[in-house]
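What follows is the residue order along each chain.
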Amino acid sequence: MGRGSYNAADWNKLKDSRGINAGSTADDIFSGNKVNEKYLPKFINVRESRDSEDSPQSTPIIIGFDSTGSMGYLAAEIAKNSLNKTATMILEKRPVTDPHIMCAAFTSPHEQPPLQITQFEADIRVVEQLLEFTLNGGNMYSYDSLVWYFALEHTAIDSYEKRKQKGFIFCIGDEVGDDGRNEILNSLSIKKVFNDDRERGFTTGELYNAASEKYEIFHIITGRHTEHSLETWERLISGRNAVVEPEDIEFLAEVMISIMQHMNGMTKEETLLQWTGKARDAVEKALSTINVQPVPRAASVPEAAAEEKTAPEAMAAPAPQSAPEPQAAPTHREVPVAKPVNASKPIVNAKPLNPAKPIAQAKRVAELTAEGEAPQSSGKEKKGFLSKLFHKDK
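Criteria and cut-off values
Residues numbered from 1 in each chain as written. Predicted model: local features only at pLDDT ≥ 70, side-chain atom pairs only at ≥ 80, totals over all residues. Heavy atoms only, no water. Helix = DSSP H or I, 4+ residues; strand = E, 2+ residues; numbered from the N terminus. Buried < 20%, exposed > 50% of the residue type's maximum accessible area, 1.4 Å probe, protein only. Contact = heavy atoms within 4.5 Å. Areas by Shrake-Rupley, 256 points an atom, 1.4 Å probe, with all protein chains shown as cover. Salt bridge = Lys/Arg side-chain N within 4 Å of Asp/Glu carboxyl O. Core = buried A, V, L, I, M, F, W, Y, C linked by side-chain atoms within 4.5 Å. Phe/Tyr/Trp six-rings, centres within 6.5 Å; stacked < 30°, edge-to-face > 60°. Lys NZ or Arg CZ within 6 Å of the ring centre and 35° of its normal. Lys, Arg positive; Asp, Glu negative; His and termini not counted. Pairing = 2+ DSSP bridges. Axes fitted to C-alpha atoms, helices over the stretch in contact; angles between N-to-C directions. Right-handed = clockwise from strand over helix to strand, strands pointing away. Parallel < 35°, antiparallel > 145°, perpendicular 65-115°, else oblique. Left-handed = near helix turned anticlockwise from the far one by under 90°. Nonpolar A, V, L, I, M, F, W, Y, C, P; charged D, E, K, R; others polar.

K.L.:
Give a description of the overall build of the protein that names residues and reports values.
P.N.:
A count of helices and strands for the protein gives 14 helices and 12 strands. In the protein, which comprises 394 residues, the share counted as buried stands at 55%. If you take every contact in the protein between residues at least 6 apart in sequence, the share linking residues at least 24 apart comes to 77%. Carbon together with sulfur atoms contributes 49% to the accessible area of the protein, which is approximately 16800 Å² in total.

K.L.:
Quick one: what's the story with the pattern of salt bridges, residue by residue and with numbers?
P.N.:
A complete count under the given rule lists 17 salt bridges for this structure. Close ionic contact of D196 with R198 constitutes a salt bridge, the shortest N to O distance being 3.9 Å. In this structure D196 comes out as buried when scored by relative accessible area, which is 2%.

K.L.:
Which residues make up the nonpolar core, and what are the values?
P.N.:
The tendency in soluble globular proteins is for nonpolar side chains to be buried as a group. One finds I61, L83, V127 and F170 to be the most contacted residues of the largest nonpolar core, which totals 58 residues. Sorting elements by how many residues they give to this core places helix α3 (residues 72-93) first, with nine residues. The contacts of F170, once residues within four sequence positions are left out, are I61, I62, I63, G64, F218, I220, M256, I259 and M260. Judged by nonpolar contacts, the second largest core, of 39 residues, contains I157, L185, F202 and I237.

K.L.:
With reference to specific residues and values, describe the packing of aromatic side chains.
P.N.:
Scanning the entire structure with this criterion turns up six aromatic pairs. Relative to F218, the ring of F170 has its centre 5.7 Å away and its plane inclined at 20 degrees; by these criteria the two rings are stacked. Linking F170 in strand β6 (residues 167-173) with F218 in strand β9 (residues 215-221), this pair joins segments that are 48 residues apart in sequence. Here F170 falls in the buried class, since its relative accessible area comes to 0%. For F218, a relative accessible area of 0% corresponds to the buried category. Members of the aromatic cluster, joined through ring pairs, are W148, Y208 and W233. Above the face of the W275 ring, K93 is positioned so that its terminal group lies 5.0 Å from the ring centre. A cation over an aromatic ring shows up here: R240 above the ring of F218, its NZ or CZ 5.0 Å from the ring centre.

K.L.:
Give me the side chain of D174: which residues, what numbers.
P.N.:
Structurally, D174 is set in the loop between β6 and β7 (183-185). Here D174 is buried and forms no salt bridge, its nearest opposite-charge partner R224 lying at an N-O distance of 6.7 Å. Discounting chain neighbours no more than four positions away, the residues touching D174 are D66, M71, Y141, S142, H219, I221, T222, S229 and W233.

K.L.:
Lay out the sheet that holds strand β10 (residues 241-243) with the relevant residues and their values.
P.N.:
Ordered in space as β4-β3-β2-β6-β9-β10, the six strands form an open sheet in which the pairing is mixed. Looking at the sheet topology across the chains shown, the edges are occupied by β4 (115-117) and β10. Between one strand axis and the next, the sheet turns through 20 degrees on average, direction left out of account. Across eight bridges, the pairing between strand β2 (residues 59-66) and strand β3 (residues 99-106) is parallel. When the sheet's bridge partners are listed, I61 is paired in β3 with I101.

K.L.:
Residues and numbers for the pairing of β6, please.
P.N.:
Burial of β6 is extensive: seven of the seven residues sit out of reach of the surface. Across the two faces of β6 the burial is the same, with G167, I169, C171 and G173 and F168, F170 and I172 all buried. Looking at chain direction, β2 and β6 are connected through five bridges and run parallel. Opposite G64, over in β6, you have C171 as the bridge partner. As defined by bridge partners, β6 adjoins β9 across seven bridges and the pair is classed as parallel. Note that in β9 the partner of I172 across the bridge is I220.

K.L.:
Account for the environment of Y6, with residues named and values stated.
P.N.:
One can find Y6 in the segment before α1 (8-18). Look past the residues within four positions of Y6 in its chain and what remains in contact with it is W11, N84, A87, T88, L91, A122, D123, I124 and V127.

K.L.:
An account of the pairing of β3 is needed here, citing residue identities and associated values.
P.N.:
With respect to burial, β3 is a largely interior element, eight of its eight residues being buried. Residues P99, I101, C103 and A105 of β3 are buried on one face, and the alternating residues H100, M102, A104 and F106, pointing to the opposite face, are buried as well. The handedness of the β2 to β3 crossover, carried by α3, is right-handed. In this sheet, β4 lies alongside β3 in antiparallel orientation, the contact comprising three bridges. Its bridge partner lying in β4, A105 is registered against Q116.

K.L.:
Give me the lowdown on the packing of helix α10 (residues 252-263) against helix α12 (residues 277-287), citing residues and values where you can.
P.N.:
Between α10 and α12, the shortest axis-to-axis distance is 9 Å and the interhelical angle comes to 50 degrees. Considering their axes alone, α10 and α12 lie oblique with respect to each other. Remark: the crossing between α10 and α12 carries right-handed chirality. Residues E254, V255, S258 and I259 of α10 form the contact with α12, whose own contacting residues are A279, A282, V283, A286 and L287. Broken down by class, the residue content of the contact of α10 with α12 amounts to seven nonpolar, one polar and one charged.

The analysis is restricted to geometry; functional conclusions fall outside its scope.
Put into structure tokens, the structure is as follows:
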């Protein structure tokens, strides 16, 4: 997916047709929606961000957010303001090329629905899909790991497969459980949520290290007790956490844009010059805890295309706890991944996804609900990135 281009006028028409205004709450926007299986990971084989005539140099951006009751204000803000602002600002300020945006709403593996995922879209369709989500459940922690697992095992992105450039993941929520050291996403949950068979579960730290191979990952902290949440997240992904207080949530788009600009080579001071008033204050606070090495991305489509045609390189997983080797061309240099403290041993023998082979069709699983039993469908079990890692003898 990812054809077309975003137009703010389309958003205004959609907002008016849905009766969404500045005072709309999460209940106003999402109430009455039923869980739609087309957004549930167990019914999704793969989401694709592919280059096209409209997007010759696509950049996948995943925006995940905690959609539980206590975070209702967050879902409402993203639906009625931040998603539109983010899309229009990306087109205006060009922190990345040809953005393809995906939205993900998560609760926990034990709630229904645990995770909802849109397609990667370059136009108003991402908002239309978001407005079909349902908000239910509650959780103790921010389950970014659900989004990371999906991004790792169920996305195919040309930016990395063709140009060795990472996409972006921004997850917005509160604190992480057990500093990410213990098994947070177990094998039963993986089967239930994604319909993937795994012999064991994974810690949040393991999933972060694996997904960081092809995505720049950040967590934006909001809600109550932001200082404590920052402390726990910093022990897991140091330097990749930003705080946005609930009263400043309207500036979420500015924060994400500024982080992408910083990763693209701008200094923090340069990013702040474009904002004024409360927006500047919110961005300054958010960036104060971001500590990453900016790396300019590819400057020209023709150069990247020529390199792809003449000298394709095999994708290799980075060595654990060390900076990745530089790519052949300086403009494609990888960003060092933040080292988690006291995290479980990272995956060391991970094999890259083969861009030439699509992921095998995921099987629909029977899942008992209050209304009955979901239909099953036949098919071969898929073996993704992690299954190859932990089933080397198969």
